[in-house]
Amino acid sequence: TGPDGTSEFSTCFRLSEAGSVLTVNSAADTDDGNCSAANCTLREAIAAANAHPGADAIRFAILTGAQVVHVTSPLPALSGTTTLDGTSQPGWVAAPIVTIDGAGVAADGIAAAGASSIVRGLIVTGFGGIGIHVFGAGSTIAGNYASGNGGDGIRVEGAIGGTVGGPTALDRNVVGGNRGHGIFLFDSHSVTVRGNDSGTDASGATAAGNTLDGIAV
């Protein structure tokens, strides 16, 4: 351990009183209970973040360029204040390049229960349930593609405050081809929905309708 409190594992997992930074460096869907510099999957990073009491950030460094994480069972929900940042993947420029593929998994994709959480820059597709499901107050969902899921693309449920989308093109969520609503604010209030594309593919130019409403409140 060095003077700044880091060790040889710091590129993957840095703990402090202020929170932890974990880096997903494997596209596998395994969990041996250890997020390390040698191997840290998304499932392991979420478990490590949930076990830590402070705010946490989960970043990606799976080689470089576009990567797919094929999920074979439901991922644990993010239980605390967490930033899940797909834009950290090497090679990211503007469009998401990390795909969380839940084909065959009859559950929600990314569930964020902690207040003031951020889910940014991910493609979430193929889950039997909701693509991105947010329960935490004041959370931000931006720059994601939520498509081809069995439920809503993005649902904010039981939350006070928060933002879905934002003022810039990089903040725009694209929600298309979901069997529920594109974006659904359920039992929530004071949530800003801004600058999203609903009912299109990732380009924003080709129709890919959601089964229910594009945006429902």
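Residues numbered from 1 in each chain as written. Predicted model: local features only at pLDDT ≥ 70, side-chain atom pairs only at ≥ 80, totals over all residues. Heavy atoms only, no water.

A. Summary view of the overall build of the chain. Broken down by element type, the chain carries one helix and 19 strands. By the compact-globule yardstick of 17 Å for 217 residues, the chain fits well, its C-alpha radius of gyration being 16 Å. Overall, the chain is about 55 × 30 × 30 Å in size when its C-alpha atoms are taken along their principal axes. Considering the chain as a whole, with its 217 residues, one finds that 49% of them fall into the buried category. Of the contacts made within the chain by residues no fewer than 6 positions apart, 60% connect residues no fewer than 24 positions apart. Total accessible area computed for the chain in this model is approximately 9100 Å², and 54% of it derives from carbon and sulfur atoms. Once the 8 positive and 18 negative side-chain charges of the chain are each reduced to a mean point, those two points are 6 Å apart. (Helix = DSSP H or I, 4+ residues; strand = E, 2+ residues; numbered from the N terminus. Rg over C-alpha atoms; globule rule 2.2 N^0.38 Å. Buried < 20%, exposed > 50% of the residue type's maximum accessible area, 1.4 Å probe, protein only. Contact = heavy atoms within 4.5 Å. Areas by Shrake-Rupley, 256 points an atom, 1.4 Å probe, with all protein chains shown as cover. Lys, Arg positive; Asp, Glu negative; His and termini not counted. Charge placed at Lys NZ, Arg CZ, Asp CG, Glu CD.)

B. Fine view of helix α1 (residues 42-51). Most of α1 is tucked away: seven of the ten residues are buried. Listed as buried for α1 are Leu42, Arg43, Glu44, Ala45, Ile46, Ala48 and Ala49.

C. Looking closely at the pattern of salt bridges. Considering all chains together, one arrives at five salt bridges under this definition. Of the charged contacts, one joins Asp152 and Arg155 as a salt bridge, the two residues approaching to 2.8 Å between their closest N and O atoms. Overlapping salt bridges bring together Asp152, Arg155 and Glu157 as one network. (Salt bridge = Lys/Arg side-chain N within 4 Å of Asp/Glu carboxyl O.)

D. Region of interest: the state of the cysteines. Overall, the coordinates contain one disulfide when judged by the stated rule. Disulfide partner of Cys35: Cys40, at an S-S distance of 2.1 Å. Disulfide Cys35 to Cys40: torsion about the S-S bond roughly -95 degrees, handedness left-handed. On the accessibility criterion, Cys35 (8% relative accessible area) is buried. (Disulfide = S-S within 2.5 Å.)

E. Geometry of unusual backbone geometry. Backbone geometry places Leu63, a non-glycine residue, at a positive phi of 50 degrees. Looking at the element boundaries, Leu63 is found in the loop between β3 (55-60) and β4 (67-70).

F. Region of the structure containing the nonpolar core. Leu42, Ile58, Phe60, Leu84, Ile100 and Ile154 are the most contacted members of the largest nonpolar core, which totals 39 residues. With sequence-adjacent residues up to four places away left out, Ile154 is seen in contact with Ile132, Ile141, Ala146, Val164, Asn173, Val175, Gly182, Ile183 and Phe184. (Core = buried A, V, L, I, M, F, W, Y, C linked by side-chain atoms within 4.5 Å.)

G. A look at the sheet that holds strand β9 (residues 122-125). Strands sit in the order β4-β6-β9-β12-β15-β18 across an open sheet of six strands; the sheet is parallel. The open sheet has two edge strands with one neighbour each: β4 and β18 (197-198). Across four bridges, the pairing between strand β6 (residues 98-101) and β9 is parallel. Following the sheet pairing, Asp101 is matched in β9 by Thr125. (Pairing = 2+ DSSP bridges.)

H. A look at the packing of aromatic side chains. Going through the model one piece at a time under the given rule, you end up with one aromatic pair. It is Arg155 that lies over the ring of Phe186; its NZ or CZ is 5.7 Å from the centre. (Phe/Tyr/Trp six-rings, centres within 6.5 Å; stacked < 30°, edge-to-face > 60°. Lys NZ or Arg CZ within 6 Å of the ring centre and 35° of its normal.)

I. Representation of the environment of Phe184 within the structure. Checked against the element boundaries, Phe184 lands in strand β16 (residues 183-186). With relative accessibility at 14%, the residue Phe184 sits in the buried group. With 30 residues separating them along the chain, Phe184 and Ile154 place their C-alpha atoms 6.4 Å apart.

J. Structural context of the side chain of Glu44. Mapped onto the elements, Glu44 comes out in helix α1. The charged side chain of Glu44 is buried without a salt bridge, its nearest counter-charge being Arg43 at 8.5 Å. Excluding residues that lie within four positions of it along the chain, Glu44 makes contacts with Thr30, Asp31, Asp32, Gly33, Asn34, Cys35 and Asn39.

K. The sheet that holds strand β7 (residues 110-112), seen in detail. Sheet architecture is open: five strands sit in the order β7-β10-β13-β16-β19, paired in parallel fashion. A single partner strand is all that each edge strand has here, and the edge strands are β7 and β19 (215-216). With three bridges joining them, β7 and strand β10 (residues 132-134) adopt parallel strand pairing. For Ala112, the partnering residue across the bridge sits in β10 and is Val134.

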